[in-house]
Amino acid sequence: MGGKTGNQKVIEQFLADGMNHMFGNPGTVEQGFLDAVAEYPDMKYILTLQESVAVMMADGYARATQRPTLVQLHSSPGIGNAVGALYQAKRGHAPLVVIGADAGLDYMNMDAQMANDLVAMMAPVTKYATLVLSPKSLLRTIRRAIKIAATAPMGPVYVCLPMDVLDALNEEEVVPTSFPSTQVVPSAEQITQAASMLLAAEKPVIFAGDGVTYSGANDALTKVAELLGAEVYGVDFGDVFMDNTHPLYQGTTGHMFGAFSHPITSKGDANLIVGTYMVPEVFPRLEDIYQPGAKVIHIDLNAYEIAKNHHVDLGVVSDPKLSLEALATAIETQRTYAQKAAGEKRLKAAKESKKTASVATQPTSEVEAGEAEVSRPLKMAQFAEVLAQKVPADVLIFDEALTNSPAVQHAIPPRKPGSYFTTRGGSLGVGFPGAIGVKLVHPDKTVIGFSGDGGSMYTIQALWSAVRHNAGAKFVVCNNGSYKLLQLNIDVYWKERTIDAHNYPLSFDLSYPAIRFDLLAQSMGVEAVRVEKLEEIGPAIDRMLSDDKPFLIDLVLEGNHQSDWVKTNCSQ
Ligand SMILES: Cc1ncc(C[n+]2csc(CCOP(=O)(O)OP(=O)(O)O)c2C)c(N)n1
Ligand SMILES: [Mg+2]
């Protein structure tokens, strides 16, 4: 057969765009395509054993590269498995290019085995979903999808590739995809107006998210915050948009309750929102979230999110970095002596209060507590404190430790963009596959993934892929025997409804039968240890860091669980 088929040309197109890792799980309708992969040694196929693992590993890879990342899924059943993972990728703006074959155009009206409207299945969890109907438009459609995925606001896309379209001879030219520039600056008037609003405020507050990191605006954000003496809160982020140890960095508005974020969103008389949206909670406040009369400025490349739910006085669709740089210059030129002094005073006060707060929250050195403490169930702070002393300064963390995250972040504060990733969008299971994705991008660095015992079980087979593809990520299971976050959330639910606290639902308890994560890991070729006592922490971490192979620590932590009660109630 002369010429190349669509199967070959699609791979050449991805390689022309620098996409040389494909995270996937195969099926029969993709057989010709996957057969062709062998002809292209530059294309690395990362085999995952469940589709959500493929998506979440690709998510980690995409987060670490900020580049379009390829995922291959199998028809209806495979896509179905991937939907939850794609949901979190969409919420987190991961530029995933998802492809999947289908039996073929000839079979589309047969409603046969595995047939479904695949585009309809994928539409709500992608930015763009389409089906290729002609071999003459195969590469053009793929390029369009790549462009959409990687143009801000980034997000996953899906292209359905019928087998006969792939198998047909393809005469399209392979050319790199063109990406439009989003280096857009606000007009001079808009910048002047924004600076005036912020300078007139007694209490300016900044809300920031991943859009800042993606445009490389971290330094510009910090500068604007320092010039204004404005507190900075994180809203809907999974990367580091500001050094968490900076005095003006105040943590997050949270992702569950409007009642928690309202005291924060209503404290400022001028609010600058940049690279994020207000607000990402599960139970957001339905009324206005700002102080009455407060000014709101919203700068982002994501027009959809500006004024989505709450009023905005000045909304600008522009690049966060260029906008913040222009804003910093305008603030410096426009401010009066009194406004400059007020900004400096606020910055000084923030420095003082952070110093006091950090002294107050210093965990007492549990590690030095000695023999008397040995039998207690371990706390995450005890582990994290030792880990912080032993890891290299450029360690990369993928943190899905959930209720144990604060202890990890206290010991190893996120400081630089691209060094510390957290979960987004609420789908559990990204911690371990995400860490593997990051490790594939940074083979020379120490990468540690944290996951809850609950979260890890959604995607535990990712460990197998780490061994197979020689991705020496390290894994820590925060094994507290429960879905603790659900226990904490139902506490709030009871309180809100004045229901007396009582036993947590049995479905929040994972303690019976106890899961042996060390044995699970070993069964997939990952060396592992179980850590239950204080004195086991140091040696386990030393062992974990002693080589560049995958390694898992099953860290048994304190938790609220009642295995006897679960056993009697659930096994009848
Ligand atoms: C895919 C998915 N299923 C279920 C949930 C609901 N959920 C939210 S938090 C949570 C518990 C997580 O437990 P674990 O990972 O052990 O962390 P812990 O709360 O114990 O710190 C569950 C089940 C979810 N967010 N995503
Ligand atoms: Mg747990």
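Just so it is clear, the structure is predicted and the values come from calculations on it, not from any experiment.

What counts, and where the lines are drawn
- Residues numbered from 1 in each chain as written.
- Chains lettered and ligands numbered in written order.
- Predicted model: local features only at pLDDT ≥ 70, side-chain atom pairs only at ≥ 80, totals over all residues.
- UniProt positions renumbered as here; feature names shortened; annotations may be inferred.
- Helix = DSSP H or I, 4+ residues; strand = E, 2+ residues; numbered from the N terminus.
- Domains from an automatic or database assignment.
- Nonpolar A, V, L, I, M, F, W, Y, C, P; charged D, E, K, R; others polar.
- Expected span 1.5 Å × (residues − 1).
- Buried ≥ 20, exposed ≤ 12 C-beta atoms within 10 Å, placed from the backbone.
- Contact = placed C-beta atoms within 7 Å.
- Near = placed C-beta within 6 Å.
- Pairing = 2+ DSSP bridges.
- Axes fitted to C-alpha atoms, helices over the stretch in contact; angles between N-to-C directions.
- pLDDT = per-residue confidence, 0-100.
- Parallel < 35°, antiparallel > 145°, perpendicular 65-115°, else oblique.
- Left-handed = near helix turned anticlockwise from the far one by under 90°.

Draft legend 1. View of the UniProt feature "domain: Thiamine pyrophosphate enzyme central" (unreviewed entry) in the protein. Within this structure's numbering, the places UniProt gives as "domain: Thiamine pyrophosphate enzyme central" (unreviewed entry) are residues 191-327. Summarising residues 191-327: 30% helix, 20% strand, and an end-to-end C-alpha distance of 6 Å.

Draft legend 2. Quick look at the UniProt feature "domain: Thiamine pyrophosphate enzyme TPP-binding" (unreviewed entry) in the protein. Look at the UniProt record and you will see "domain: Thiamine pyrophosphate enzyme TPP-binding" (unreviewed entry) annotated at residues 409-554. Along residues 409-554, the helical share is 39% and the strand share 16%, with 19 Å between the first and last C-alpha atoms.

Draft legend 3. The arrangement of the domain arrangement of the protein in detail. For the protein, the domain assignment lists domain 1 (6-167), domain 2 (188-358) and domain 3 (367-570). Taken over C-alpha atoms, the centre of domain 2 sits 32 Å from the centre of domain 3. Taken together, the residues that form the side of domain 2 that touches domain 3 break down as three nonpolar, five polar and two charged.

Draft legend 4. Main features of helix α6 (residues 138-150). The terminal C-alpha atoms of α6, which comprises 13 residues, lie 19 Å apart, in line with the 18 Å expected from a rise of 1.5 Å per residue. Turning to α6, its buried residues number three or more, namely Leu-138, Leu-139, Ile-142, Arg-143, Ala-145, Ile-146, Ile-148, Ala-149 and Ala-150. In the core, the buried residues of α6 are packed alongside α1 (6-16), β4 (96-102), β5 (128-131), β6 (157-162) and α7 (163-167).

Draft legend 5. Just the site of ligand 1, in detail. Every one of the 18 residues lining ligand 1 counts as a neighbour, but Thr-403, Gly-452, Gly-454, Gly-455 and Leu-485 are closest to it. Only α17 (453-456) and α19 (484-496) provide two or more residues apiece to the shell around ligand 1. Each residue belonging to the shell around ligand 1 can be placed in one class, and the counts come to six nonpolar, 10 polar and two charged.

Draft legend 6. Fine view of the sheet that holds strand β12 (residues 314-317). If you trace the six strands from one edge of the open sheet to the other, you get β9-β8-β7-β10-β11-β12, paired in parallel fashion. With one partner strand each, in any of the chains shown, β9 (249-252) and β12 form the two edges of the open sheet. Shown here is a sheet whose adjacent strand axes are inclined to one another by a mean of 15°, direction ignored. The pairing of strand β10 (residues 270-274) with strand β11 (residues 295-300) spans five bridges and is parallel. Bridging from a neighbouring strand, Asn-271 pairs with Val-296 of β11. The strands that helix α12 (residues 320-334) touches are β10, β11 and β12; relative to β11, the one it contacts most, it runs at about 135°.

Draft legend 7. Examining the pairing of β10 more closely. Most of β10 sits out of view: five of its five residues are buried. Burial of β10 is two-sided: the residues Ala-270, Leu-272 and Val-274 facing one way and the residues Asn-271 and Ile-273 facing the other way are all buried. Bridge count for strand β7 (residues 204-208) against β10 is five bridges, and the pairing is parallel. Residue pairing in the sheet places Ala-208 in a bridge with Val-274 of β10.

Draft legend 8. Summary view of the confidence of the model for the protein. Here the protein averages 94 in pLDDT, and 96% of its residues register 70 or above. Contacts of residues 363-375 to residues separated by more than four positions or lying in other chains number 15 contacts, the stretch itself having pLDDT below 50.

Draft legend 9. Looking closely at the packing of helix α14 (residues 380-390) against helix α21 (residues 534-545). Contact pair α14 / α21: the axes reach a minimum separation of 10 Å and the direction vectors enclose 40°. When the axis of α14 is compared with that of α21, the two are oblique. Read as a crossing pair, α14 and α21 show a hand that is right-handed. Between α14 and α21, the residues in contact are Gln-382, Phe-383, Val-386, Leu-387 and Lys-390 and Leu-534, Ile-537, Gly-538, Ile-541, Asp-542 and Leu-545, respectively. For the contact of α14 with α21, the residue count by class is seven nonpolar, two polar and two charged.

Draft legend 10. Representation of the pairing of strand β18 (residues 551-556). Burial runs high along β18: six of the six residues are buried. What you see with β18 is no split at all: Phe-551, Ile-553 and Leu-555 on one side and Leu-552, Asp-554 and Val-556 on the other are buried throughout. As judged from the six bridges shared by strand β16 (residues 474-479) and β18, these two strands associate in the parallel manner. Within β18, the residue paired with Val-477 across the bridge is Asp-554. Bridging between strand β17 (residues 527-531) and β18 involves five bridges; their strand directions are parallel. Bridging from a neighbouring strand, Ala-528 pairs with Leu-552 of β18.

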